[in-house]
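Descriptive analysis of the structure
Each chain, written out:
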Amino acid sequence: MAFDIDKYTTNSTAVAWDDLDFDEFDRNPLPASTLRSLVYMCNVEYHTVCYLRDLLTTPSHKEPEVGAFMTMWNREEFWHGEALAAVLAKHGITVDYDELKANRIKLGWKDRLDPIKQSLLGGLVGMDFVAVHMAWGAANEWSANAAYLRMAEQENHPVLGELLKRIAKQETRHVAFYASQARDRLAASKKARVIARFALRKFWGPVGSTISSAEEVTHVMGRLFGGEEGRKLIRDVDSHIAKLPGMEGLTIIETSLDDRGIPADGPGAHERELISA
Amino acid sequence: MHPSTVPFAGGFARTRKGSHLMTSRSPHFESSAEFVAEEIAFEPPLTDGRSLEDGAFDVREFARTAHGSHRGELDLEQVAESGLSVDAVRLLRLLRDLERSTMQRMRNLLVTATHKDARVTAFLSTWAFEKFWLADALDAVLEATGDDLDSSAPAGGLRRAAAERKERRGPVMRAIQGNIDGPQIVAAHVATGLVDEWITQAAYRRLGELATGLHSIIELINGIKDRHIAFLAEEAKRRLAASAKARRLAVRELKNMVWPVGAVEHSDDDRTFFDRTVFGTPGGRAEVSRIQGLVAALPGLASIAPTISARLIP
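All values derive from a computational prediction rather than experimental measurement. Numbering of residues starts from 1 in each chain and follows the order in which that chain's sequence is written. As a convention, the first chain written is A and the first ligand written is 1, with the rest following in written order. The predicted origin of the model limits local features to residues at a pLDDT of at least 70 and limits the giving and counting of side-chain atom pairs to 80 or more, whereas totals for whole chains, interfaces and linings rest on all residues.

**Quick word on the overall build of chain B**
Along the backbone of chain B there are 14 helices and zero strands. Put simply, DSSP marks the helices as runs of H or I at least four residues long and the strands as runs of E at least two long, and each gets a number from the N terminus on. Its helices and strands in sequence order give chain B the pattern α-α-α-α-α-α-α-α-α-α-α-α-α-α, from N to C terminus. Evaluated residue by residue, chain B yields a buried proportion of 44% over its 314 residues. Any two residues are considered in contact once their C-beta atoms, placed from the backbone, lie within 7 Å. Once local pairs closer than 6 in sequence are excluded, the contacts in chain B between residues at least 24 apart make up 82%. Three classes are used. A residue is buried when 20 or more other C-beta atoms lie within 10 Å of its own, exposed when 12 or fewer do, and partly exposed in between, with C-beta atoms placed from the backbone.

**Overview of the environment of Val-220 of chain A**
Residues and elements named next belong to chain A. Note that Val-220 resides in helix H11 (residues 214-225). For Val-220, a count of 26 C-beta atoms within 10 Å puts it in the buried group. On a C-alpha basis, the gap between Val-220 and Ala-147 in space is 9.3 Å, while along the polypeptide they are 73 residues apart. When residues no more than four places from it in sequence are discounted, the contact partners of Val-220 are Ser-37 and Tyr-40.

**A word on the nonpolar core**
As used here, a nonpolar core is made of buried Ala, Val, Leu, Ile, Met, Phe, Trp, Tyr and Cys residues. They are joined through C-beta atoms within 7 Å. Core analysis: the biggest nonpolar cluster contains 150 residues, and Leu-88, Ala-135 and Ala-138 of chain A together with Ala-187 and Ala-191 of chain B have the highest contact counts within it. Not counting residues up to four positions away in its chain, the partners in contact with Ala-187 of chain B are Ala-236, Arg-239, Leu-240, Ser-243, Ala-246, Leu-249 and Ala-250 of chain B.

**Observations concerning helix H5 (residues 64-89) of chain A**
What a helix should span is 1.5 Å times the count of its residues minus one. In a regular helix each residue adds 1.5 Å, so 26 residues correspond to 38 Å; H5 of chain A covers 38 Å between its end C-alpha atoms and thus fits that length. Where burial is concerned, most of H5 of chain A is hidden: 22 out of the 26 residues are buried.

**Structural notes on the packing of helix H7 (residues 118-145) of chain B against helix H10 (residues 215-242) of chain B**
Residues and elements named next belong to chain B. Angular values range over 0 to 180 degrees, each being the angle between N-to-C directions of two axes fitted as lines to C-alpha atoms, with helices fitted over their stretch in contact. At a closest axis distance of 11 Å, the pairing of H7 and H10 adopts a crossing angle of 165 degrees. The angle between the axes of H7 and H10 places the two elements in the roughly antiparallel class. Along this stretch, H7 crosses H10, giving a crossing that reads as left-handed. The residues of H10 that touch H7, namely those facing Phe-123, Trp-127, Glu-130, Leu-134, Ala-137 and Val-141, are Ile-217, Ile-221, Ile-224, His-228 and Phe-231. The nonpolar class holds Ala, Val, Leu, Ile, Met, Phe, Trp, Tyr, Cys and Pro. Asp, Glu, Lys and Arg form the charged class, and all remaining residues, Gly among them, are polar. Among the residues forming the contact of H7 with H10, the class breakdown is nine nonpolar, one polar and one charged. Any angle from 65 to 115 degrees is called roughly perpendicular, while one under 35 is roughly parallel, one over 145 is roughly antiparallel, and all others are oblique. Crossing handedness: left-handed means the near helix sits turned counterclockwise from the far one by under a right angle, and right-handed means the same turn made clockwise.

**What about the packing of helix H5 (residues 86-99) of chain B against helix H12 (residues 268-279) of chain B?**
Residue and element names in this part refer to chain B. Relative to each other, H5 and H12 sit at 110 degrees, their axes nearing to 11 Å. When the axes of H5 and H12 are compared, the pair comes out roughly perpendicular. Crossing handedness for the pair H5 and H12: left-handed. Where H5 abuts H12, its residues Asp-87, Arg-90, Leu-91 and Leu-94 lie against Asp-270, Phe-273, Phe-274 and Thr-277.

If you want it as structure tokens, here you go:
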């Protein structure tokens, strides 16, 4: 089904948390390892504007529907960052503009060269490069959605759970946009399918892996997707990606977990923490 | 990020309160963390001497109170009754397209060091959102008057002036230049944005003269732009006042800019129409003088003010 951009823009709002009782975090604070994952996720959300930059190096934003989506998506993700920052603030962890700026500065030359690399690739590949971005975005949004829902389930915290479900609901709409764009564009061009498949297979990494240390990526992925239950979820996400035209048989997320030594069976890191507690 | 502990929890030494004077970067940093800390502390104060923390434009509040769709609050009855002149429709469509070209502008800003400044990017994310809905409000006017959303006339060719070639650069050249310019380019970007908002506010006032039924809608639009101007003016003033390099880069950007921002993508015909309609009347010339005065009052930009106004006058 085609994505209804008018409906999406009309309903696009900043995720709300004013109505949630954040004092619950004083009575029932989150454990340190959860906060560590939340910091990672918060950083990723705030970093969306930098992903937007890479998307904008392709000519796709001149299409009204894509430009409209990017405007709303970028703002919604910014507000996901604000919401998670508010949770962290209740635990004495400050994420403010200075820290975000510091993190962006620390990315150094790679970050400075990225837009040039992206633009040159875009120039070489042409319009089909848009399809690569869309397939990539779909994989990212699918896994982000799974991560939020998984964390909500694991923590079983009344306030955090509700907030994460609200965020995940917005991510579902992002998935719908990226997937429908990717489907159409991949279906229309063999070159797009070949390049997108190559790019996902060779270069895709978990969301946030380009801006966080390997240790943090392994912590978050292990906690959310380690063990039998987590792996089941990830196989489900991989199966969605594999349904995109030309992506049959891809298991990019499962492979990225294997590469990081995250166990595929038994209890996950989170369950093990619960058992030992 | 901090590898083995909760990132951000430790964070960097925040010395901003004590560092009100912008100094050139000290050459003897011992670690990259120290270098980053210094870049963070490298925030010039407001021009009235207050620190950013004590009195700056509240970006979080701006983001929190952003204005979305205006469709429920537009007074369209009067304009639907009186209709719009051909010139009013054309100017309205042009302004709508300019409001809608934020992603192009975002790209040009984000491929430079401006994307690292989280306070500026938070502003830009909200600014783009508000402009999206301003464009939608202008669409609602055209729908109410029964005018076509888009012109059926062919757009005509672009203006091919050699001086404008720089403004047509793609992201690669912009990113390379951005890497050479470094963080002081932010000053040039906020100054350019500021001048652009002054110009488009003048264009909306002119639209109000061409279509009196639009009075309340134009007031609403220019009210939203007032907040954008408040942020951009404050940022431009403090950054320009603090650094000679910032002033130099701002002069360079302002000299090359095609006004209003985004117009470079429009046909020569449309741009000539815009300049003639908005600035070609005695009232338009008064607007140009006003803008020239405002630019000249910004730190270090007096020399470029006449160049900007000369380019606005048809």
